[in-house]
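Fold and geometry: a report
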Amino acid sequence: MDHSDTLLTRDAAAVWHPFTQHGLGREPIPMASGAGAVLRDSGGREYLDMISSWWVNLHGHGRPELAKAVSDQILKLDHVQFAGATHEPAVCLAEGLLEKAGLTGSAKVFYSDNGSTAVEAALKIAHQHWANTGTPRRLFATLRGSYHGDTVGAMSVGRSSGFFNAFHGMLFETISLPVPLVFDGFLNKEGEETALNEIRRTLETDGESMAALIVEPLVQGAGGMRFHSVSFLASLCHLFRERGIPVIFDEVMTGFGRTGSFFAYQQTGFIPDLICLSKGITGGILPLAVTIASDDLFESFLGNDFSTALAHGHSYTANPVACAAALASLHLHESTDSSMQINRIHARMRSHLDALAAHPRIERTRLLGGIAAFDLAGAEREYTAESGRSLSSFALEQGVLLRPLGNVLYLMPPYCTTDEQIDRAFEVIGAFLSKTARGSQGVA
Ligand SMILES: Cc1ncc(COP(=O)(O)O)c(C=O)c1O
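Residues numbered from 1 in each chain as written. Predicted model: local features only at pLDDT ≥ 70, side-chain atom pairs only at ≥ 80, totals over all residues.

Focus on the environment of glycine 149
- Its location among the elements puts glycine 149 in the loop between β5 (139-143) and α6 (152-157).
- Between the C-alpha atoms of glycine 149 and valine 119, which are 30 residues apart in sequence, the distance is 7.6 Å.
- If we ignore the near neighbours within four places in the chain, the residues touching glycine 149 are Gly115, Ser116, Val119, Ala154 and Gly158. (Helix = DSSP H or I, 4+ residues; strand = E, 2+ residues; numbered from the N terminus. Contact = placed C-beta atoms within 7 Å.)

Thoughts on the sheet that holds strand β1 (residues 31-35)
- Spatial strand order, β1-β2-β3-β15: four strands in an open sheet with mixed pairing. With one partner strand each, in any of the chains shown, β1 and β15 (400-401) form the two edges of the open sheet.
- Inspection of the sheet shows strand β3 (residues 46-49) paired to β15 by two bridges, in the parallel sense. Bridged to aspartate 49 within β15 is leucine 401. (Pairing = 2+ DSSP bridges.)

Brief notes about the packing of helix α3 (residues 64-76) against helix α10 (residues 320-335)
- At a closest axis distance of 8 Å, the pairing of α3 and α10 adopts a crossing angle of 150°. As summarised for this structure, α3 and α10 are arranged roughly antiparallel, according to the angle between their axes. Seen along the crossing, α3 lies across α10 with a hand that is right-handed. Side by side, α3 and α10 meet where Glu65, Leu66, Ala69, Val70, Gln73 and Ile74 of the first sit next to Pro320, Val321, Ala324, Ala325, Leu327, Ala328, Ser329 and Leu332 of the second.
- Partitioning the contact of α3 with α10 into residue classes produces eleven nonpolar, two polar and one charged. (Axes fitted to C-alpha atoms, helices over the stretch in contact; angles between N-to-C directions. Parallel < 35°, antiparallel > 145°, perpendicular 65-115°, else oblique. Left-handed = near helix turned anticlockwise from the far one by under 90°. Nonpolar A, V, L, I, M, F, W, Y, C, P; charged D, E, K, R; others polar.)

Let's talk about the site of the ligand
- The local shell around the ligand holds 14 residues, among which Asn114, Gly115, Ser116, Gly149 and Val252 are the closest.
- Residue contributions to the shell around the ligand peak at three residues, all from helix α5 (residues 115-132).
- A class-by-class count of the residues in the shell around the ligand yields five nonpolar, seven polar and two charged. (Near = placed C-beta within 6 Å.)

So this is what it looks like as structure tokens:
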């Protein structure tokens, strides 16, 4: 038995993995190290991380700048509770994020530690805002196919993602709105107008009960890399703003450059009332999240006793080490010129997608910033679809880490990924398409 066999045996005996059916007996990869866009397993095999380790990694694995920030901070102040105390890394990071967001002086940063809790905090802020102002409202509007995380509130607003059928009994009611999808070469103007009209009608009937609208701006990630247009999103948000209903942008996936702008909302000309950020916030090395709230919302929680205060917080809220990593990551965006890197990756993926678009097994190619996606034609759409699984197994054998969402294949590489590494990933995808065209294990 070599080291990795031992590790896998111990893992099977002691560990329960996320989003995993252990009954299928599929072994996890025993990862041992990472550098740049490459992960290495304990047997020395290399894998190109084309999904940025669940969309968190921005600047590549093993960045010394992030490691140094973490080790310097941990020896200075490792942790302290964030109620009744504050510290330099949290204040500097809040200032830095507000500056990047163009919200200095008009919003506050509320800390938590993962994307789901950033969403949970946003939902609670919206809910309590209405209670604090004496007009309680409890209905949340969402877009069909949204995913916002795995805690109960986040699952409730993400129930149409299809991931949470086992939990429907635990979830609160929401109103789910139509979303007209776009992909390369397809402008759905008519679909957008139809959807907006339906939303107007919903607002006429239910607008007065709505606490907030929550959206994943421009790209609905886990629901299948579903893209919608800037114009649809801006019109949708204005419909809610006109009625005084807060708008929450869940930028847990789209934040920190993924869609081509630092935050996706910056493409819309619309400033949301609440913004949820996590994943790439620390460059992908430590758990941290924030919910940015407008000063108008913040002020509705002010009072002389605790009854109007926000009763939400976690033991590791604003952990100084995670904040120091996030600050170092913000600096890395500047020093590595991450927007230029994203543009380069975008251009490289563009040429590969254009070449793939004519393939009979490829549908709905789409690209925004550093996110490329397409559908495998004719294949089942479920998250567990066999087509996606056979592609990810094939790619893994070829040293490329992909994790399709049903029949949707996407690439969301770290910003340090080289052109040659992107070429290699598409070469492997091309080889899979040729193999399945010839073999019996077709995707159709
Ligand atoms: C848009 C969005 N919101 C929230 C989450 C939940 O984040 P976390 O997994 O850190 O709880 C995710 C995770 O994929 C996400 O994509």
